[in-house]
Each structure stands twice: as C-alpha cells, then as structure tokens.
Amino acid sequence: MREQTVGSLFSEAVEHAASATALVEGVPDPSARRRWTYAELFEESEQAARALLGRFRPGERVAVWANNIPEWIMLEIAAALAGLTLVTVNPALRRDELLHVLGQSEAAGVFLVREYRGNSMEKTLSVLRTDLPLLREAVLLEEWASFRSSGSPTERLPTVSPSDPAQIQYTSGTTGTPKGALLHHRGITNNAQLSYVRNFDMRPGESFVSPMPLFHTAGCVLTLLATFASRGTYVMPPWFDPALMLELIESERSAVFGGVPTMLHAMLDHPRFDRTDLSSVRYALSGGATIPPSLVRRTEAALGVPMANIYAQTEASPGITMTALEDTPEDRASTIGRPLPGCAVKIVDPRTGDLCERGETGELCTRGYHVMTGYFGMPEQTAEVIDSDGWLHTGDLASMDDRGYLRIDGRVKEMIIRGGENIYPREIEQVLVNHPAVAEVAVVGIPDSVWGEQVGAFIRLADGKVAGERQLFAHVRQRLAPHKAPRMWRFVTEFPLTGSGKIQKHRLREEFMTERTTVNPGGRPAS
Ligand code: AMP
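Residues numbered from 1 in each chain as written. Predicted model: local features only at pLDDT ≥ 70, side-chain atom pairs only at ≥ 80, totals over all residues. Heavy atoms only, no water.

The topology assignment puts Asn-422 in strand β24 (residues 421-423). By relative accessible area, which is 22% here, Asn-422 ends up partly exposed. Along the primary structure Asn-422 and His-483 are separated by 61 residues, whereas in three dimensions their C-alpha atoms are 9.4 Å apart. Those residues in contact with Asn-422, other than ones at most four positions away along the chain, are Thr-171, Met-415, Ile-416 and Ile-417. (Helix = DSSP H or I, 4+ residues; strand = E, 2+ residues; numbered from the N terminus. Buried < 20%, exposed > 50% of the residue type's maximum accessible area, 1.4 Å probe, protein only. Contact = heavy atoms within 4.5 Å.)

This part takes up the pairing of strand β19 (residues 362-368). Consecutive side chains along a regular strand alternate between the two faces of the sheet. Among the seven residues that make up β19, five are buried, leaving the element largely enclosed by the rest of the structure. Pairing of strand β18 (residues 343-348) with β19 involves six bridges; the strand directions are antiparallel. Across the sheet, Ile-347 pairs through a bridge with Leu-364, a residue of β19. Pairing of β19 with strand β21 (residues 392-400), which is carried by four bridges, proceeds in the antiparallel orientation. Across the sheet, Gly-362 pairs through a bridge with Ala-398, a residue of β21. (Pairing = 2+ DSSP bridges.)

A few words now on the packing of helix α1 (residues 6-17) against helix α3 (residues 70-81). Where α1 meets α3, the axes come as close as 8 Å, and the angle between the chain directions of the two elements is 115°. Put simply, α1 runs roughly perpendicular to α3. For the pair α1 and α3, the crossing hand works out as left-handed. Together, Val-6, Gly-7 and Phe-10 of α1 and Glu-76, Ile-77, Ala-80 and Leu-81 of α3 make up the contact between the two elements. (Axes fitted to C-alpha atoms, helices over the stretch in contact; angles between N-to-C directions. Parallel < 35°, antiparallel > 145°, perpendicular 65-115°, else oblique. Left-handed = near helix turned anticlockwise from the far one by under 90°.)

Further remarks concern the pairing of strand β15 (residues 307-312). The element β15 is largely enclosed, with a buried count of five among its six residues. Where strand β14 (residues 283-287) lies against β15, four bridges are found, and the strand directions are parallel. Bridge pairing links Ala-284 to Met-307 in β15. In this region the chain leaves β14, passes through helix α11 (residues 293-303) and returns to the parallel neighbour β15; the handedness of that crossover is right-handed. As judged from the three bridges shared by β15 and strand β16 (residues 319-322), these two strands associate in the antiparallel manner. (Right-handed = clockwise from strand over helix to strand, strands pointing away.)

Around the ligand sit 19 residues in total, of which His-216, Asn-309, Ile-310, Thr-314 and Asp-396 are the nearest. With respect to the ligand, the side chain of His-216 contributes an N or O atom lying 2.8 Å from an oxygen atom. Between a nitrogen atom of the ligand and a side-chain N or O atom of Asn-309, the distance comes to 2.8 Å. Burial of the ligand by the surrounding chains reaches 96%, relative to a free accessible area of 500 Å². Listed by contribution, the elements that provide at least two residues to the shell around the ligand are β15 and β22 (406-411). Here the element with the most residues in the shell around the ligand is β15; it accounts for four residues. (Near = heavy atom within 4 Å. Polar contact = N/O pair within 3.5 Å; in protein donor to acceptor, adjacent residues only side chain to side chain. Areas by Shrake-Rupley, 256 points an atom, 1.4 Å probe, with all protein chains shown as cover.)

In this section: the packing of aromatic side chains. Centre distance and the angle of the planes are the two values used to describe a pair of aromatic rings. This model, assessed by the stated rule, comprises twelve aromatic pairs. When the centroid spacing of 6.2 Å and the interplanar angle of 70° are considered together, the rings of Phe-111 and Trp-144 count as edge-to-face. Pair noted here: Phe-111 is in strand β5 (residues 109-112) and Trp-144 is in helix α6 (residues 144-148), with a separation of 33 residues, a long-range link. In this pair, the class of Phe-111 matches that of Trp-144, namely buried. Following the ring pairs from residue to residue traces out a cluster consisting of Phe-10, Tyr-38, Phe-42 and Phe-228. Positioned above the aromatic ring of Tyr-375, the side-chain terminus of Lys-179 is 5.0 Å from the ring centre. Looking at Arg-418, its charged tip hangs above the ring of Trp-451, at a distance of 3.8 Å from the centre. (Phe/Tyr/Trp six-rings, centres within 6.5 Å; stacked < 30°, edge-to-face > 60°. Lys NZ or Arg CZ within 6 Å of the ring centre and 35° of its normal.)

As structure tokens, this is what we get:
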C-alpha cells in the first residue's frame, strides 16, 4: 500500500522515465497519431492545472464529457494536481441523463467535445445551462491548447492528500437513478498497482493498448494508472473498433490483449485476426462481466498466452478479486480468482447477513482501502451499501471455495450488463411507461452470446392503444443512450406476479427463452 495521489503517481513516473513515451493517440490514420513523452505530458497537464486553478477552487468538481481522447487524460492529471474532483461522464448520455449527473454532482465546470457519434454535446449542454445554476464554465476540449495557456505560471498547486476525493463515477444498482461513487486517491492509485502492475509484472517501456472507456474505472483507473505506475506506454483508440485494435496491438507491440468479453469476441472473430502479428502479447485480460469459460479457453488457445479475469465494481475503486496468470487453466477459466491484496472479501446470506459456509452462495461483501468514500451527497444510499463495519455489499452473488477462489453466481440486483456496460432496467422502464400506449412494462436482461446480455422489454399496452416495436424503440432512443434501447420486444396481456404483486422478472426471462410469452396480437402491428 502506498500513500499516493494521482498527481504523485504521475510525477514519480516523470522523475524516472521523463523521455519515455507515455501516451499514443491511437487514431485510425497512423500518420496522425500524436505521441507524448512523460515529460511532455506532465508539462501540459501541470500547465492545465494552473489554468484550472484560475477558474476553480480545490475541492470543487469538474466534469468531463468526451470519448477517449488524450486531452481527457491530461485533464485527469491536471484536476488531480489542482485538487479538483473529476466527474467522469459517459459520452453516450442524452440530455436528461446529463442534467442529472451535472446537477447531482454540483459540477462547477464541464469539459466536453463538440460532438460524438452524431450526438451534439455542445447543443445538448447549451439547452441545459439554465437548469444548472452551479455550472460556471463549459470548455470545449477542441480548444484545450488555449485553455491550457490561460493560467498564470505563478499559480501555486495545492497539497493533495491520498484520502482526498479524486473522482466521482456514476453507477447504480437496481434503484434506477445513477449514483455518484466518490473515489479517493489512495483507493484508485493502489488498486491499479495491486491488481494489474503486480499481477502482470508490468514493465517500463511496455505498451498497453486499451479499448476501455475513460469514463469508467476500467479505463481511467485500472489500465491508465497501471501503465503510468509501471512507466509503460498507454495506447488509446478513440473508440472501440476491432480492426483498429488489432492494428494497434501489432504496430505498437502491445503486451496485453484485453477488453470486456464482447470486445474479445469481436477481435477474435475479425477476419484480420489471423493476419495480425501478436508476438508482443504476454497476457490476455478481461473482466467487468461474466466471462464464459469457453471464451477464456478460446482466447488463450488463439494467442498462446494465459488470460486473467478481474472482478471489479466501481464502488471498490474498482478491483476486488482477480485470477493470476500462474493459476491453473481451470481456475483461470471458471473462477474470478482470489481477493486482491488489501481487499477483504466475505460471503454472506443476503437476507440474514450471516457468514456463508465455503462453497455456499451468498452476497459478496468487501472491505479495505479500496472502498469508496460514499455516494456523493447521498448518505442514506451510502448506508444501504456500506454497513457500519465498513463492508461494501456488492449486490453480486458469489461462492468461495476452500482455497479462497471465488465464483460469481448471479446478481442480487437486476442490473443488465450489455457488452460490459451497465444498464439499469428501471431507468428504461420509466421512459417506456411514459409512452401513452404503454400500460405496464418490465425490462430484463436476456442472455446473448455476443453481448453477454441484451436488453429485453415486456410491454402490456393500454386498452385500445396500439404501438409497435419501432415506435417504442424510437421513443427510448430519443431519451436514452443507444445501448439502453431494448433490442428484444414482447407484447404481453398479463405479467406473472409474486404474492405481493411484483412482476416476476426471472419468469419473464425464462418464458422469453422458451417463447411461451402470451402475445397480444392487437398490440403488435407490423414493425
Ligand atoms: P461496474 O461498477 O460498472 O464496474 O460494474 C460492476 C459489476 O459488474 C459487478 O458488480 C458485477 O456484477 C459485474 N462484474 C464485474 N466484473 C465481473 C467479472 N469478472 N465476472 C462477473 N461479473 C463481473
């Protein structure tokens, strides 16, 4: 365990590896790829930290709403040096989602790209400005160079402590509205090192091509901070594209072949895979969602290297358990490994809180340096997941064997994980039920071989009303990020209910799989 901050972790790397390449912008055109040494990246970030202090006070929150671009990383380092808390925002969010995140985090500033994948972020934000009285500044990352140079060179950087807040990452259980997990410097810097650097023996000068989104801890904490802590080179495509990933792994000689399971499938299945020189790859890596043992075996066989699986949750900074490259092939394929150093893990009966026997399934709880400070501004919700003894209740069902190896057995929560991205059914249900033709709705995760899970919606239409999949899909798409729009639809005349009148979602899922759902012919016009 080290008493570190994001700023001190990076400064230390600069001291030891100033002229080594720290960052490569993995854009499709190889001639357009910008590169930074550790010294260059630090100089730009430090300058930006002074510019930040000209506009914000230490302790305030600034949000970043952009895809994976180098300026995002400079802002992460700069905010850390300036003692500001970075609020990381998914670039796919739509208006109301953004309003919630910026409003709830009380962000004083937001850094954004003009546009991403047809979503005009600039326009969306301008519509919201009047609803965000605390938001003083909006800075386009396209104008980063002029922002950076706007600070005073004499501005003094504050002392930042390892227990100070570093980031707020929005995430949620089944409660619908995303909550902001407040993570501290000590938690995220140590977590990256005690998981990846240590387990993979990450070495100076090695490249890490990472497709993980920066707005998630998998990107801005695990892959990025581990690379900087080991003085490696971080190679980052602006978005996930399997062909681009394969090209970058080959040309930048990546030591790792990694991604959430859906990304691994896309790369392994790509026609380019067999032509790619993967001789630099030392290990494969996945996590963030259930990884079928067959995928671990397939990846290891295709690459001829061992694969590690990390079990992580945002609220835990995020790594909790991980398989080691030295584990047996069976343990690597079918377990989530053992607890990481400093991360205590126990399995309890979710109803009584009693400790489970070895091999018995219960809720996985974790305690240690890595547990979040809490949900920002939400003491009650924090108390629901962190108990008075400091245990974080993950909502995941798991079992532990006699050797301390764990397996994930499902989720206490109903969260859907599609392609590694969390989707919260209630959020989608709330949007659908507001459609005039919809009387009742239940959104569930449907197992899918490519995405892990897909979003499925069960709809009961209001009497006499007609609406089809296409209309309802469009209704959701206008209001929520694309990945949340249900891809599977069933129209039902009634829902299976529990004794207390709650919809039995597990039965819907089962019925969907066996196609026994009662279809309402009147409610399903051609679509
Ligand atoms: P997030 O907060 O986005 O990191 O999502 C955390 C959730 O993803 C966990 O609570 C688990 O349900 C799931 N998860 C993460 N890693 C794994 C893994 N290796 N195997 C199975 N599920 C996982």
